[in-house]
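# Descriptive structure summary
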Amino acid sequence: MKKEIGRFAVPKAGHDRGKPYVVVGYEEGKYLLADGKIRTMEKPRRKQRKHLEFIHAQDDLRKLFSEGEGPVRNEEIKRAVRLFSAGGRIKQEVTDVQE
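In short, a report on the structure. (Residues numbered from 1 in each chain as written. Predicted model: local features only at pLDDT ≥ 70, side-chain atom pairs only at ≥ 80, totals over all residues. Heavy atoms only, no water.)

### Observations concerning the overall build of the protein chain
Within the protein chain, the regular secondary structure consists of three helices and five strands. Tracing the protein chain from N to C terminus, the helices and strands come up as β-β-β-β-β-α-α-α. For the protein chain, with 99 residues in total, the buried portion stands at 40%. As presented, the protein chain carries roughly 6,400 Å² of accessible surface, and 47% of it is formed by carbon and sulfur atoms. (Helix = DSSP H or I, 4+ residues; strand = E, 2+ residues; numbered from the N terminus. Buried < 20%, exposed > 50% of the residue type's maximum accessible area, 1.4 Å probe, protein only. Areas by Shrake-Rupley, 256 points an atom, 1.4 Å probe, with all protein chains shown as cover.)

Set out below in C-alpha cells:
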C-alpha cells in the first residue's frame, strides 16, 4: 500500500464524493487522505480502498513522500490539489464515478 502514498484519490461515495484528496498514509486497512485545507496531515480522512478511485497523474506528490527530505506540508498538498482540480481532469473522473 506504500505505492499509493502521494497519489490523488477521489471518494466514490459519501458527502465528499468527487472531491480530490492526496493519499498521505495507510493504517489499519484504511487509506489516510488529506486536502491540506480541512483535512490536514495532522487530521486526515480515513477511507477504505473500495470507496476510493485512484487517479494516475504525472503531477502527484509521490516524489515528495519518497524522497524523505522532511515532512510534506499542508501547503504543498493544498497547492497540488488546487492545481489538479484546475486542470479539469477531476471533472472527467467524477462523471465516470457517478455513472
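So that's the structure; there's more coming.
### Concerning the pairing of strand S1 (residues 8-11)
On S1, burial covers both faces: Phe8 and Val10 on one face and Ala9 and Pro11 on the other are all buried. In the sheet, S1 pairs with strand S2 (residues 21-27) via two bridges, with the strands oriented antiparallel. Residue Phe8 lies in a different strand from S2, and its bridge partner there is Val22. Pairing of S1 with strand S5 (residues 52-55), which is carried by four bridges, proceeds in the antiparallel orientation. Within the sheet, the bridge partner assigned to Pro11 lies in S5 and is Leu52. (Pairing = 2+ DSSP bridges.)

### As for the sheet that holds strand S4 (residues 45-47)
Two pairing modes exist for strands in a sheet, parallel and antiparallel, and in both the strands are linked by backbone hydrogen bonds. The sheet built from five strands is open, its strands ordered S4-S3-S2-S1-S5 with antiparallel pairing. Two strands bound the open sheet, and with one partner strand each, they are S4 and S5. Strand-to-strand twist of the sheet, defined as the mean angle between neighbouring strand axes without regard to direction, takes the value 45°. (Axes fitted to C-alpha atoms, helices over the stretch in contact; angles between N-to-C directions.)

### Observations concerning helix H2 (residues 74-86)
Counted at 1.5 Å a residue, the expected span for H2 with its 13 residues is 18 Å, and the 18 Å between its end C-alpha atoms agrees. Taken residue by residue, H2 has Asn74, Ile77, Ala80, Val81 and Phe84 as its buried positions. Taken down its axis, H2 places every buried residue within 130° of arc, on the same side. Those residues of H2 that are exposed and angled more than 90 degrees off the buried face are Arg79, Arg82 and Ala86. (Expected span 1.5 Å × (residues − 1). Arc of directions from axis to C-beta.)

### Points about the side chain of Thr40
Topologically, Thr40 is positioned in the loop between strand S3 (30-34) and S4. According to the relative accessible area criterion, Thr40 is buried, its value standing at 17%. Engagement of the side chain of Thr40 in a polar contact is seen with the side chain of Glu42, the distance being 3.2 Å. Excluding its chain neighbours within four sequence positions, the residues that come into contact with Thr40 are Ala34 and Asn74. (Polar contact = N/O pair within 3.5 Å; in protein donor to acceptor, adjacent residues only side chain to side chain. Contact = heavy atoms within 4.5 Å.)

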